[in-house]
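Given next are the chains, with one letter for each unit.
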Amino acid sequence: WALKENTTEQTLGRGKKQITLTTKAGKPGETCIVLHAANQKVPLLSRCTYSLVWMQSASINRKYNAISLAVQPMPGWRELWVFNKNNAGWSLNILPPTTGDTGLGYAEFAGWSPNGKQILLAKESRAASRYQRRHEVVNLANLTVARQARDADILGAFNRWADATWKADSVSNR
């Protein structure tokens, strides 16, 4: 699951606000994710995990104050990691597909609000033979759910702000 020797890099944004995500090997079996600002040697944030990191999933919002990244700690379970910039610097929050029992599930990035204050999430999970599907508008400041619905079309934010790649490729739109 983890990188052995290679590093990967994903550059997000443009100009002075550009952020680079880099993965590198940590302790045996670990992958470390490092955030760097444009032309800065000191990392903004670093976090190591034993999970599979999906670098191609990385997305940054228009305000350059939030980044989403898909991370898979085990087969059949994918979380969304949200790196968020506030007055104290960058922090990391992990958004799982569901709370409670771990079964099968995914949480995926679906879009950003234009003002940089909300993220759109699509979630699906199965626990105790029960399936649950949700589309959520989440406030980045405190990670509370502002609105949610089973069907994305019910939420106006998904009609206005949904990412074009998510609309085209997501299994949650089947």
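Residues numbered from 1 in each chain as written. Predicted model: local features only at pLDDT ≥ 70, side-chain atom pairs only at ≥ 80, totals over all residues. Heavy atoms only, no water.

### Section: the packing of aromatic side chains
- The tally for this structure, following the rule as stated, stands at two aromatic pairs.
- When the ring centre of Trp81 is taken as origin, the NZ or CZ atom of Arg47, which lies over that ring, is 6.0 Å away.
- One residue, Arg160, lies across the ring of Trp161, its end atom 5.2 Å from the ring centre. (Phe/Tyr/Trp six-rings, centres within 6.5 Å; stacked < 30°, edge-to-face > 60°. Lys NZ or Arg CZ within 6 Å of the ring centre and 35° of its normal.)

### So, the pattern of salt bridges
- If you walk through the whole model with that rule in mind, you get four salt bridges.
- Between Arg133 and Glu124 there is a salt bridge, and its shortest N-O distance comes to 3.8 Å.
- Residue Arg133 is classed as buried on the basis of its relative accessible area, which comes to 19%.
- Each of Lys123, Arg134 and Glu136 takes part in a single network of salt bridges with overlapping partners. (Salt bridge = Lys/Arg side-chain N within 4 Å of Asp/Glu carboxyl O. Buried < 20%, exposed > 50% of the residue type's maximum accessible area, 1.4 Å probe, protein only.)

### Description of the pairing of strand 3 (residues 31–37)
- Extensive coverage of strand 3 is indicated by the burial of seven of its seven residues.
- With burial as the criterion, each face of strand 3 is covered, one bearing Thr31, Ile33, Leu35 and Ala37 and the other bearing Cys32, Val34 and His36.
- Pairing between strand 2 (residues 19–25) and strand 3: seven bridges, direction antiparallel. When the sheet's bridge partners are listed, Thr23 is paired in strand 3 with Ile33.
- Linking strand 2 back to strand 3 in an antiparallel pair, the connection comprises five residues, with Gly29 at a positive phi of about 90 degrees.
- Of the pairings in the sheet, the one linking strand 3 to strand 4 (residues 45–49) comprises five bridges and is antiparallel in character. The partner of Thr31 across the bridge, within strand 4, is Thr49. (Helix = DSSP H or I, 4+ residues; strand = E, 2+ residues; numbered from the N terminus. Pairing = 2+ DSSP bridges.)

### Section: the side chain of Glu108
- By the element assignment, Glu108 lies in strand 9 (residues 104–112).
- Polar side-chain contacts of Glu108 include one of 3.2 Å to the side chain of Arg78.
- Reaching out from Glu108, the side chain makes a polar contact with the side chain of Trp166 at a distance of 2.9 Å. (Polar contact = N/O pair within 3.5 Å; in protein donor to acceptor, adjacent residues only side chain to side chain.)

### What to know about a positive patch on the surface
- Together, Lys17, Arg62, Lys63, Lys85 and Lys117 line one region of the surface with positive charge.
- Overall, Lys63 belongs to the partly exposed group, its relative accessible area being 46%. (Patch = residues over 30% accessible without salt bridge, like charges linked within 9 Å, V, L, I, M, F, W, Y side chains within 5 Å. Areas by Shrake-Rupley, 256 points an atom, 1.4 Å probe, with all protein chains shown as cover. Lys, Arg positive; Asp, Glu negative; His and termini not counted. Charge placed at Lys NZ, Arg CZ, Asp CG, Glu CD.)

### Description of the nonpolar core
- Grouped together as the largest cluster of nonpolar side chains are 17 residues, with contacts concentrated most on Leu21, Ile33, Leu35, Ile67, Leu69, Phe83 and Trp90.
- Secondary structure elements with two or more residues in this core: strand 2, strand 3, strand 5 (52–60), strand 6 (66–74), strand 7 (77–86) and strand 8 (89–95).
- Among residues more than four places away in sequence, those in contact with Leu69 are Leu21, Ile33, Val53, Trp54, Met55, Ser57, Ala58, Glu79, Leu80, Trp81 and Phe83.
- Ala110, Val137, Ala149 and Ala162 belong to the second largest nonpolar core, which has 12 residues in total. (Core = buried A, V, L, I, M, F, W, Y, C linked by side-chain atoms within 4.5 Å. Contact = heavy atoms within 4.5 Å.)

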